[in-house]
Amino acid sequence: GSWDGPDFALTALSRSRFPRTEPYLVSHALRYSDWRYIRYASGAEELYDTKEDPYEWDNLALLANDPDNHEFDEILEKFRRDLDEITGPIVRSKLYVADM
């Protein structure tokens with residue numbers, strides 16, 4: 001089937017009772033038609049091609065750690081950029097990630 005939803009969908013999940021005052025504890029998922037990107041509050045990332053992997057078994061973001069594999073670098077950078085634009089840079093702050 002084809003994607004009938006909006007251009008993108010954003011999901012936020014917080015372990016904090018006060019996510020507005022502690023945005024660094026919020027994890028986010030960003031979904032486009034055939035892709036889902038997840039960035040956890042810890043900084044860990046997941047990337048799935050939901051057309052080819054509808055059950056999200058193969059985390060393609062792990063390939064970013066392989067210096068010989070650049071197949072998904074472009075889509076991963078797009079998701080990082082888009083999520084930073086939507087949520088603001090504080091979510092990715094190394095200061096907060098280091099304190100966790």
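This text follows the structure it describes.
Nothing here was measured: the structure is a model prediction, and the numbers come from that model.

### Things to note about the packing of aromatic side chains
In total, this model carries three aromatic pairs according to the counting rule given. A ring pair is formed by Tyr 32 and Phe 79, whose centres lie 5.2 Å apart and whose planes are at 55 degrees; its orientation type is tilted. Of this pair, Tyr 32 sits in strand E2 (residues 26-32) while Phe 79 is found in helix H1 (residues 73-87), placing the two residues 47 residues apart along the sequence. Overall, the relative accessible area of 18% leaves Tyr 32 in the buried class. A residue is classified by how much of its surface remains accessible, and Phe 79, at 0% relative accessible area, is buried. Between the aromatic rings of Trp 35 and Phe 72, the centroid separation amounts to 6.1 Å while the plane-to-plane angle is 65 degrees, which identifies the pairing as edge-to-face. Here Phe 72 lies in the loop between strand E4 (45-49) and H1 and Trp 35 lies in strand E3 (residues 35-39), a separation of 37 residues in the sequence. Accessibility expressed as a relative area gives 15% for Phe 72, which makes it buried. One aromatic cluster in this structure is built from Tyr 32, Tyr 37 and Phe 79.

Rules of the game
- Residues numbered from 1 in each chain as written.
- Predicted model: local features only at pLDDT ≥ 70, side-chain atom pairs only at ≥ 80, totals over all residues.
- Heavy atoms only, no water.
- Phe/Tyr/Trp six-rings, centres within 6.5 Å; stacked < 30°, edge-to-face > 60°.
- Helix = DSSP H or I, 4+ residues; strand = E, 2+ residues; numbered from the N terminus.
- Buried < 20%, exposed > 50% of the residue type's maximum accessible area, 1.4 Å probe, protein only.

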